[in-house]
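Letter by letter, the chains look like this.
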Amino acid sequence: MIRVLIADEIARIVGDLEKLKPYADVIDVCGVAHQASAVIEEAWLRQPDVLVLHERFTELPQADFAAHLGSVSPATRVLLMTGGDSPARAGPAWTVGAVAETVEGPELLHAIRVAAGVLPPRNAGSGGETADGTAEGNIDTDRREVRTPRGRAAVVVTFSGKGGTGTSMVAINLAAALADGGGGRAALLDTDLQFGDAAGMLHVDNHLLSIADLAAHGEDIENSLLDAVLATGPAELRVLRAPSSPELAETITAAGLRAIVRATARAHAVVVIDTPSHLDERVLEAFELADRILLVTSYNLSAVRGTKATLLLLEALGVDMDRVDVVLNHTRPRTNYRREDIEEILGRTILIDLPYDPRVDPSLDSGTPIVLAQPRAELARRLVALSQLVRGDGATRDETAIELPAPAPPVYRRRFSLGRR
Ligand SMILES: Nc1ncnc2c1ncn2[C@@H]1O[C@H](COP(=O)(O)OP(=O)(O)O)[C@@H](O)[C@H]1O
Ligand SMILES: [Mg+2]
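Being a predicted model, the structure only gives us computed values, none of them experimental. (Residues numbered from 1 in each chain as written. Chains lettered and ligands numbered in written order. Predicted model: local features only at pLDDT ≥ 70, side-chain atom pairs only at ≥ 80, totals over all residues. Heavy atoms only, no water.)

## Some remarks on the pairing of strand E7 (residues 186-190)
Each regular strand displays side chains that alternate between the two surfaces of the sheet. In terms of burial, E7 is a largely internal element, five of the five residues being buried. Judged by which residues are buried, E7 turns out to be covered on both faces: Ala186, Leu188 and Asp190 on one side and Ala187 and Leu189 on the other are all buried. Summarising the sheet, E7 and strand E10 (residues 270-274) pair through five bridges and their orientation is parallel. Pairing of Ala186 across the sheet is with Val270, part of E10. Where E7 meets strand E9 (residues 238-240), three bridges bridge the pair, whose relative direction is parallel. Its bridge partner being in E9, Ala187 is matched across the sheet by Arg238. (Buried < 20%, exposed > 50% of the residue type's maximum accessible area, 1.4 Å probe, protein only. Helix = DSSP H or I, 4+ residues; strand = E, 2+ residues; numbered from the N terminus. Pairing = 2+ DSSP bridges.)

## As for the sheet that holds strand E2 (residues 27-33)
Strand order in the open sheet made by the five strands is E2-E1-E3-E4-E5, with parallel pairing throughout. Edge positions in the open sheet fall to E2 and strand E5 (95-100), since each of these has one partner strand only. Averaged over all adjacent pairs, the angle separating strand axes in this sheet is 25 degrees, with direction ignored. Relative to E2, strand E1 (residues 2-7) runs parallel, the two being bridged by six bridges. From the neighbouring strand, Ala7 faces E2, where its bridge partner is Ala33. (Axes fitted to C-alpha atoms, helices over the stretch in contact; angles between N-to-C directions.)

Have a look at this one:
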């Protein structure tokens, strides 16, 4: 198995994931970086065997980049992806090969294998591949063993200040995509405490215990209790449902929610948190605990304005904006706006846009998220690509095995508080 980190623009990452999908038994895309500034951090977190780096991302001072990469992830070998229609051009000395962005899956697979050192170059000495023989076959499998991700879960929060933009649809599908493979690795927490219906959308609403039952036990939450309160949905997704009655929402405090998220994060690889469409102390608590905040917006001016206001607020709160991304969802078949218009209003690029699909409602009604019910649908593919992006955001590594750079700063300092106390 070759662990690969892809660093490129999101649109091409989606294409590359598609190309590599048939080779899931030999290629593990362990992470992606869609901003040049995130490549080093991702490499540090994932410790990939091969970094597929688009040349567009190498405009930074290259010597520094190579040295920095070498210090955070010494075993990683860089495969340069070159733009345009022409064949690959050889990269700088710190890359072990090059491949054109236009290649098909089999060629990409071959280039990755060569870069990883498991295959010799096709035409050693000519063409784009500059793999030097020295590192061939030099994969340290023992070392890779200890790098298996474990530890605290990645925590992903979905939010929209306006209802109906697809926040819950995104949360449920992300969680289901991340749970696929079973083993109860992913959990979905429904923190839309008054009217959350994630349990209904996953057909686990006959499960009686909810987040209110967990909150009632105080802040010391044992695994056995957590296990009993979580329902099990499709793909063995664990679901913490919202209370059955709106008035119970008041029984869950921000501190209570923090304890619940922490306990859940200890017991799973990924935790997805769905939120209500308003801000209060508990939502801010969820933001504070998040590795990634996905603001879901739609092709609708009122939703976009709400997202703009949320972005400004998060910035004012001191949230690390690298952890915040905007997801643009088509809740209707036709729209009057272009993605660029929305990016202009928001003053930032959209991470991914999700197409309208009339099968969303039937999938939610039937309790099977579209990523499981219609995996070939474009919407499902994009949701899966999004899940790949967010899946490893947590501190999921064995901290004792490898020397770590200084820990990342806390998510943010809360400068003022909102809503009720
Ligand atoms: N990509 C989509 N394609 C089609 N319908 C969608 C899509 N996203 C959302 N919807 C519709 O929007 C409704 C509201 O979605 P939901 O996730 O409950 O929004 P929110 O949680 O933001 O209030 C869904 O029931 C569905 O009818
Ligand atoms: Mg919702």
